[in-house]
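As a plain string of letters, each chain reads:
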Amino acid sequence: MSKPAIHFFTEDLSYTLKKKTLLKAWIKSVIEEEGYVLQELNFILCSDEYLLRINQQYLNHDTYTDVITFDNSEALKMIVGDIFISLERIQENAKEFKHTIADELCRVMAHGTLHLLGYKDKGKAAKTLMTEKEDYYLAKLKSLPE
């Protein structure tokens, strides 16, 4: 089996993600704390239009969104996936919710990862639990030494 890995990519835009090593350690700790094993996880940062095309093509949704998660794992409790994130949505949401872009990006990275860990966000109870988990792991990120 290959070494567990988290990768960051960009599609159709240019963005320099800061603190990659810290983010990788944090995401890996989220996965392990939830009782899963990381195999490979790709975060792909892209534009609204790029993510809209994915939403239309694979999910038959004709709407903009901030994140789409694809679970490619073949074994139980094994994480293999692709998480597409619209940087334009992140920037809009950061402005709307008065967060920094970096904080909003981390929230969405956690959100996508939590989907791979089996958490849902449809319905009030599921949404509440998802938000609690996001807040919990974001607090952990802030406590990590840089």
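Attention here is on the structure that accompanies the text. Predicted model, so just to flag it, every value in this text is computed and none were measured.

Summarising the element assignment, Asp121 is placed in the loop between helix H4 (101–116) and helix H5 (124–143). Residue Asp121 is classed as buried on the basis of its relative accessible area, which comes to 17%. Reaching out from Asp121, the side chain makes a polar contact with the side chain of His111 at a distance of 2.9 Å. Only 3.3 Å separates the side chain of Asp121 from the side chain of His115, close enough to count as a polar contact.

Attention shifts here to unusual backbone geometry. Unlike most non-glycine residues, Asn60 shows phi in positive territory, near 55°. Tracing the backbone through its elements, the reader meets Asn60 in the loop between helix H2 (48–59) and strand S3 (67–71). Non-glycine residue Lys98 carries a positive phi angle of around 55°. Within the secondary structure layout, Lys98 lies in the loop between helix H3 (87–97) and H4.

The contact between helix H1 (residues 20–33) and H5 brings their axes to 10 Å, and the two run at 135°. By the angle class used here, H1 and H5 are oblique. Classified by chirality, the crossing of H5 by H1 is right-handed. Residue-level inspection shows Leu22, Leu23, Trp26, Val30 and Glu33 of H1 in contact with H5, the latter providing Tyr136, Tyr137, Leu138, Lys140 and Leu141. Looking at side-chain class alone, the contact of H1 with H5 contains 8 nonpolar, no polar and 2 charged residues.

With that settled, the discussion passes to the pairing of strand S4 (residues 78–86). Of all the 9 residues making up S4, 9 are buried; the element is thus mostly covered by neighbouring parts of the structure. Across the two faces of S4 the burial is the same, with Met78, Val80, Asp82, Phe84 and Ser86 and Ile79, Gly81, Ile83 and Ile85 all buried. Sheet analysis places strand S2 (residues 37–46) next to S4, joined by 9 bridges and oriented parallel. Bridging from a neighbouring strand, Phe43 pairs with Ile83 of S4. When S3 meets S4, the two strands line up antiparallel, connected through 5 bridges. Paired with Thr69 across the two strands is Ile83, which belongs to S4.

Thresholds applied
Residues numbered from 1 in each chain as written. Predicted model: local features only at pLDDT ≥ 70, side-chain atom pairs only at ≥ 80, totals over all residues. Heavy atoms only, no water. Helix = DSSP H or I, 4+ residues; strand = E, 2+ residues; numbered from the N terminus. Buried < 20%, exposed > 50% of the residue type's maximum accessible area, 1.4 Å probe, protein only. Polar contact = N/O pair within 3.5 Å; in protein donor to acceptor, adjacent residues only side chain to side chain. Axes fitted to C-alpha atoms, helices over the stretch in contact; angles between N-to-C directions. Parallel < 35°, antiparallel > 145°, perpendicular 65-115°, else oblique. Left-handed = near helix turned anticlockwise from the far one by under 90°. Contact = heavy atoms within 4.5 Å. Nonpolar A, V, L, I, M, F, W, Y, C, P; charged D, E, K, R; others polar. Pairing = 2+ DSSP bridges.

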